[in-house]
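Fold and geometry: a report
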Amino acid sequence: MPATSNVDYSTKIPNNVGLSDDQRVLRALEQWHPGYIDWWLSRGPEGFQTSDVYLRTAVSIDPKGWAKFDYVRMPQYRWGILLAPAQEDRRVNFGTHKGEKAWQEVPGEYRAMLRRLIVVQGDTEPASVEQQRHLGKTAPSLYDMRNLFQVNVEEGRHLWAMVYLLHKYFGKDGREEAEELLARQSGNVDKPRMLGAFNEATPDWLSFFMFTFFTDRDGKMQLESLAQSGFDPLSRTCRFMLTEEAHHMFVGETGVGRVIERTCEAIKQAGIDDPTEISAVRKLGVIDLPTIQKKANLHFSLSLDLFGSEMSTNAANYYSSGLKGRFQETRIEDDHQLTIASYPVSKLVNGRVELVDEPALTAINMRLRDDYVADCAKGVERWNKVIEKAGVNFRLKLPHVAFHRQIGEFGNVKASPEGEVLSDVAWEKQKDQWLPSKADGDFIESLMHPCWERGKFASWIAVPKVGIDNKPGDFEYVKINQA
Ligand SMILES: [Fe+2]
Ligand SMILES: [Fe+2]
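What this report covers is the structure whose coordinates are included nearby. Note that this is a predicted model, so its numbers are computed, not measured. Note on numbering: residues in each chain are counted from 1, in written sequence order. The lettering of chains begins at A and the numbering of ligands begins at 1, in the order of writing. At least 70 in pLDDT is required for a residue's local features to be given in this predicted model, at least 80 for side-chain atom pairs to be given and counted, and no such filter applies to totals for whole chains, interfaces and linings, which use all residues. Excluded from the side-chain calculation are hydrogens and water; included are all heavy atoms of the structure.

**Concerning the side chain of Asp375**
Worth spelling out the cut-off: Secondary structure elements follow DSSP: runs of H or I no shorter than four residues count as helices, runs of E no shorter than two count as strands, and numbering proceeds from the N terminus. With a 1.4 Å probe rolled over the protein chains alone, any residue whose accessible area is under 20% of its type maximum counts as buried; one over 50% counts as exposed, and the rest are partly exposed.
Note that Asp375 resides in helix 10 (residues 364-390). Here Asp375 falls in the buried class, since its relative accessible area comes to 12%.

As structure tokens, this is what we get:
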């Protein structure tokens, strides 16, 4: 079915996949739609469903003009199904089928694996909306509130993207999985979301910015490797999702960056020489840098767990089958089959962390995680530039990959942020220096007061450099109507 760059708005579900010619899938999606709206109203953003929000909506897949900005009430957002343009003569680029024509239908032998990949990805999308649902109430500005809701509606669209694949290619099983995606709930004891980090609370705005920086970036890496898939509809879906995902990471990186900027400014103004004098800094109504470091430690370590075990036969099978590739697979110079290659994996050897060569095929997760860590490190360096520029003597850093892990090689050990393996007693003694304590959380919460006046920002966060869609500083990004 040809996908055009124009989106069909005549059906209830905007799309460029020819839904009006595919009555079976259109009907299935229309039947799923009311449940989705129920989910959005009951578990999406709390309290702003009748407010007009200045949102972008994907209206095309043309890279230069894919989005349109306008005021929208969130329940009326046009969640569409958009696939990036088909690439002519696309091939399977890795694994045992390398060189074959990319699949337009699900290969029977890989059906179960492919469905699993789509469901796991799909489950993360609504989960984050649920995690963030209470944040609107304490938004530090209308600008930030709008960014939160933008991320939320796009995660909603990403759910649609996965549900479309389930309905279109997986028949009855797909329909059941689509229902389950609305039934599981972040943090629910009986029916939790599938992955750990998506069941954690997002209690405050610093957590939200850290989440979009670290956890949405895991999402980016997963989408990048699914965009390599030999199953072409999945590849094209993920390629388009990545265009939206970039904004989520922008929100995270600039969000944390603005918190840091404001803190440094306050420290300088007050003439505080030592930025680790926590109580003096907190008295200024800003979040001290050591606490920001602890929040980064927490969110980074939770996000590392999303990559799964360093050594994984599942990941090897996904790769060999041509379903999920490596980050920027086609730019890597090797045989793309990994029959004899090895890859250095960090492992625990005699109580110390060391790199050990392992078969590259089973170390696929490790490699993706390394690519992720490198991407995170660049962002952290940009934060350090903000601190440096302000003339404050402090540096943020990523903790060691062994720190605070639940899954994989380091899941059963306690390690310091430097990667030193510790006894349980030593860990208990020091963990509050490395991870946010209850008191840290209480302090951050004490700053979370709404600031909804046009052009105004809460005391703990700097004004952004530019507006969304080039709007001026006092632009009314959300017209609040709390009815
Ligand atoms: Fe997403
Ligand atoms: Fe995202």
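Having put the structure on the table, let's press on.
**Topic: the packing of helix 1 (residues 23-43) against helix 3 (residues 142-169)**
The following threshold applies: Between the N-to-C directions of two axes lies an angle of 0 to 180 degrees, each axis being a line fitted to C-alpha atoms and, for a helix, fitted only over the stretch in contact. Crossing handedness is read from the near helix: turned anticlockwise from the far helix by less than a right angle, it gives a left-handed crossing, and turned clockwise, a right-handed one. Only heavy atoms matter for contacts: two residues are in contact if any of them lie within 4.5 Å across the pair. Residues are grouped as follows: nonpolar covers Ala, Val, Leu, Ile, Met, Phe, Trp, Tyr, Cys and Pro; charged covers Asp, Glu, Lys and Arg; every other residue, Gly included, is treated as polar.
Where helix 1 contacts helix 3, the two axes come as close as 11 Å, and the packing angle between them is 145 degrees. Here the hand of the crossing between helix 1 and helix 3 comes out right-handed. Contact residues: helix 1 offers Arg24, Val25, Ala28, Leu29, Trp32, His33, Tyr36 and Trp40, while helix 3 offers Asn152, Val153, Gly156, Leu159, Trp160, Val163, Tyr164, His167 and Lys168. Residues that form the contact of helix 1 with helix 3 fall into these classes: eleven nonpolar, four polar and two charged.

**Focus: the environment of Thr202**
Here Thr202 shows up in the loop between helix 4 (171-183) and helix 5 (205-226). Thr202 gets classed as buried once you look at its relative accessible area, which sits at 8%. Among all residues touching Thr202, those that are not within four sequence positions of it are Gln131, Gln132, Leu135, Ser207 and Phe208.

**With respect to the coordination of the iron ion (ligand 2)**
As a reminder, the rule being used: Metal donors: N, O and S atoms at distances within 2.8 Å, or within 3.2 Å for Na, K and Ca, with water omitted from the atom set so that some sites may seem incomplete. Every angle between 85 and 135 degrees makes a four-donor site tetrahedral, while opposite donors more than 155 degrees apart, with all other angles between 65 and 115, make a four-donor site square planar and a six-donor site octahedral; other sites are irregular.
Those donors, Glu155 (OE), Asp216 (OD), Glu245 (OE) and His248 (ND1), are the protein atoms that reach the iron ion (ligand 2), and they lie 1.9 to 2.2 Å from it. What the four donor atoms of the iron ion (ligand 2) show is an angle range of 91 to 168 degrees at the metal, which sorts the shape as irregular. Donor residues for the iron ion (ligand 2), ordered by position in the chain, follow E-x60-D-x28-E-x2-H. The distance between the iron ion (ligand 2) and the iron ion (ligand 1) is 3.5 Å, with Glu155 acting as a donor to both metals. One end of the pair, Asp216, is in helix 5; the other, His248, is in helix 6 (residues 232-270), with 32 residues separating them in the sequence. Here Asp216 matches His248 in class, with each residue buried.

**Description of the coordination of the iron ion (ligand 1)**
For the iron ion (ligand 1), the full set of protein donor atoms is Glu125 (OE), Glu155 (OE) and His158 (ND1), and the range of their distances to it is 2.0 to 2.2 Å. Expressed as a motif, the donor residue spacing for the iron ion (ligand 1) is E-x29-E-x2-H. Classification of Glu125 by relative accessible area gives buried; the value is 4%.

**Regarding empty space enclosed by the protein**
For clarity, the cut-off: A pocket here means an open set of points on a 1 Å grid, computed over the protein atoms alone, that has protein on both sides within 12 Å along at least five of seven lines. A cavity is instead a set of points where a 1.4 Å probe fits but cannot get out; residues with an atom within 4 Å of a point line either one. Grid points are joined across faces, edges and corners, and a volume is the space filled by probe spheres set on the points.
Applying the stated criterion across every chain, the model contains three cavities of 30 Å³ or more. Together, Gln131, Ala197, Glu200, Ala201, Thr202, Phe211, Thr215, His299, Leu302 and Ser303 line the largest cavity. Those elements that provide at least two residues to the lining of the largest cavity are helix 5 and helix 8 (289-305). In terms of residue class, the lining of the largest cavity is built from four nonpolar, five polar and one charged. Approximately 40 Å³ is the volume found for the second largest cavity. Along the lines of polarity and charge, the residues of the lining of the second largest cavity split into two nonpolar, three polar and two charged.

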